[in-house]
Amino acid sequence: GWACWKTYLGRPETDEFRCMSMERLGRAIRENRRPEEALSVLEANLALSRRNWPHDEKGIRTAQTNIAACFSDLGREDEALVLKRAIYAKEVTSLGTSHQDTLRDGCNVANSLIKLHLWDETTTLLRDQLLPPARRSLGPDHKLTIKLHYTLALALRYNPEGTRDDLLE
C-alpha cells in the first residue's frame, strides 16, 4: 500500500497510476483493520476518479464498492446498503442481470440485507433476481452460484419467522 502510493505520489493528479496506487493504499489500510483511516483515502480516490475520469463507470463503481465495504466494516450497514443498491442497479443497467459482476454486486446487497435482518427482501432478491440468471449464465457448479445458494441458506436459517419448509429448501 504505502510503497505503491509513495512511488506514484509525485505524478500529476490526472495520472491513472497515481489513482490506482491511492485505491491500493485505501484497500491495504482497510485490510489491516483500520477502516476509519481507509475510508478517507477511498473517498478521496472516488472524488479523484469522478473528477478526472467521469466516463469510467467501472472504475467509479469499483471505488464505490470499496467505500461500501468500509461502511460495513464500520458498522454503518444502512449506508453500505444504499451504496450497494446503487452499484447493483447500475450493473443491471449497464451489464445486464446475468453478468458475473452484476451477480457479485447483487450478492453484496443480499449480505447487507442479512446484516440488517431484512429476511423477506433477502430471500426475494436471491430467489427471484440472482439465482435464476446465475444458474443460466454461470451454471449450478460455479463458485458464485454456490455462494448465492449459501447466502440464501443463511437468510433462511437466521430468519426467526422461517418455516420448516424454508429450512428444507
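Provided above is the structure to which this section pertains.
Worth saying up front: this structure is predicted, and the values here are computed from it rather than measured.

(A) Looking closely at helix α2 (residues 16–31). For α2, spanning 16 residues, the distance from its first C-alpha to its last is 22 Å, which sits close to the expected 22 Å at 1.5 Å a residue. Taken together, the buried positions of α2 are R18, C19, S21, M22, E23, L25, G26, A28 and I29. Directly beyond the C-terminal end of α2, a positive phi value near 60 degrees is found at R33.

(B) Region of interest: the environment of E91. Looking at the element boundaries, E91 is found in helix α5 (residues 77–95). Taking the C-alpha atoms as reference, E91 lies 9.0 Å from K58; in sequence the two are 33 residues apart. Setting aside chain neighbours within four positions, we find E91 in contact with R61, G96, D101, T102 and D105.

(C) Layout of the pattern of salt bridges. In total, this model carries 13 salt bridges according to the counting rule given. For E23, the salt bridge goes to R27, with nearest N and O atoms at 3.7 Å. With a gap of 4 residues between them, E23 and R27 both fall in helix α2, about one helical turn apart. Look at E23 and you get buried, because its relative accessible area is 17%. Among the salt bridges present, the one from D73 reaches R30, with a minimum N-O distance of 2.5 Å. With D73 in helix α4 (residues 57–73) and R30 in helix α2, this pair connects stretches of sequence that are 43 residues apart. Overall, the relative accessible area of 39% leaves D73 in the partly exposed class. Judged by its relative accessible area of 28%, R30 falls in the partly exposed class.

(D) Just the nonpolar core, in detail. Within the largest apolar cluster, 19 residues are counted, with the highest numbers of intra-cluster contacts made by I67, F71 and L83. Residue assignment for this core shows that the elements contributing at least two residues are α2, α3 (35–52), α4 and α5. Listed in part, the 16 residues of the second largest apolar core include L81, L103, A110 and L144.

Rules used throughout
Along each chain, residue indices are assigned from 1 in the same order as the chain's sequence is written. Only residues with pLDDT of 70 or above have their local features reported here, since the model is predicted, and side-chain atom pairs are shown and tallied only from 80 upward, although totals for entire chains, interfaces and linings are computed over all residues. Side-chain figures throughout are based on the complete set of non-hydrogen atoms in the structure, without hydrogens or water. Runs of E in the DSSP output that reach at least two residues are strands. Runs of H or I that reach at least four are helices, and both are numbered from the N terminus. Here the expected length of a helix is defined as 1.5 Å per residue gap, with one fewer gap than residues. Exposure is judged per residue with a 1.4 Å probe applied to protein chains only, and the accessible area is read against the type maximum: over 50% gives exposed, under 20% gives buried, and values in between give partly exposed. Here, two residues are considered to be in contact whenever any of their heavy atoms come within 4.5 Å of each other. When a carboxyl oxygen of Asp or Glu is within 4 Å of a side-chain nitrogen of Lys or Arg, the pair counts as a salt bridge. In these notes, a set of buried Ala, Val, Leu, Ile, Met, Phe, Trp, Tyr and Cys residues joined through side-chain atoms within 4.5 Å is what counts as a nonpolar core.

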